[in-house]
Amino acid sequence: IEPDTGKAILKAQDGTEQKLNADTRVCFSYVPQGNTLLAGSIAENLSIAKEGASREEMKTALEMACAWEFVKKLQEGLETKLGERGKGLSEGQSQRIAIARALLRNAPVILLDEATSALDPNTTNSILSLLQKLNKEMGITIVVITHEMDVISRICNRVAIIDGGKIAESGYVDEIFMAPK
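Calculation notes
Residues numbered from 1 in each chain as written. Predicted model: local features only at pLDDT ≥ 70, side-chain atom pairs only at ≥ 80, totals over all residues. Heavy atoms only, no water. Helix = DSSP H or I, 4+ residues; strand = E, 2+ residues; numbered from the N terminus. Expected span 1.5 Å × (residues − 1). Buried < 20%, exposed > 50% of the residue type's maximum accessible area, 1.4 Å probe, protein only. Arc of directions from axis to C-beta. Contact = heavy atoms within 4.5 Å. Polar contact = N/O pair within 3.5 Å; in protein donor to acceptor, adjacent residues only side chain to side chain. Salt bridge = Lys/Arg side-chain N within 4 Å of Asp/Glu carboxyl O.

Caption draft 1: Region of interest: helix α5 (residues 121-138). Here α5 spans 25 Å end to end across 18 residues, near enough to the 26 Å set by a 1.5 Å rise per residue. Among the residues of α5, Thr123, Thr124, Ile127, Leu128, Leu130, Leu131 and Leu134 are the ones counted as buried. All buried residues of α5 lie within an arc of 160° about the axis, which places them on one face of the element. Exposed side chains of α5 directed beyond 90 degrees from the buried face belong to Pro121, Asn122, Lys136 and Glu137. Where α5 is buried, its residues meet α2 (55-64), α4 (91-105), β6 (109-113), β7 (141-145) and α6 (149-155). The N-cap of α5, judged by a side-chain oxygen 3.0 Å from the amide nitrogen of Asn122 a few residues on, is Asp120. Gly139 lies just past α5 and shows a positive phi near 70°.

Set out below in structure tokens:
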């Protein structure tokens, strides 16, 4: 899909630009708002992100997403069959599987659209801490779409406030939220 106005590009630190297209899709992991799990096993749902992923890679991604503890307790573990939209799991469990799937992909950009909305505060904090670590240690860019101010203040450097489909304000978090209005 081409934008109506402007352009959609990836821009490297050296200033080189690459137009976004089907070939650049591999650079992104996406955790959408709402449940996006498919009917099939947990392992099959994870394999969507990385075909041929080993059980150990899946376990690691599930651990990072705070999901391994409940998955290993399921009667069939990774082979537990889910119904359409993750039927058989809670919304929070489904979100953690979706986050694990994004982490398993190992893309340089992770897009999170209200990805922690169904999680309890402790799980949210654990996942946010992991995302901060991935950003600092591996240079992964994390784009967060959220209404949760604590998420913004915990992991965001820059913010863009969207109003009516347009950017109403953008800048560093401290500039936007700490500056007197």
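Caption draft 2: Quick peek at the pattern of salt bridges. Across all of its chains, the model carries six salt bridges by this definition. Lys50 is the salt-bridge partner of Glu57, the closest N and O atoms lying 2.5 Å from each other. The partly exposed category is assigned to Glu57, whose relative accessible area is 29%. Where Glu63 meets Lys59, a salt bridge forms, and the shortest distance between an N and an O atom there is 3.8 Å. In this pair, Glu63 and Lys59 are both assigned in helix α2, four residues apart and thus about one turn of the helix distant. Given a relative accessible area of 41%, Glu63 falls into the partly exposed group.

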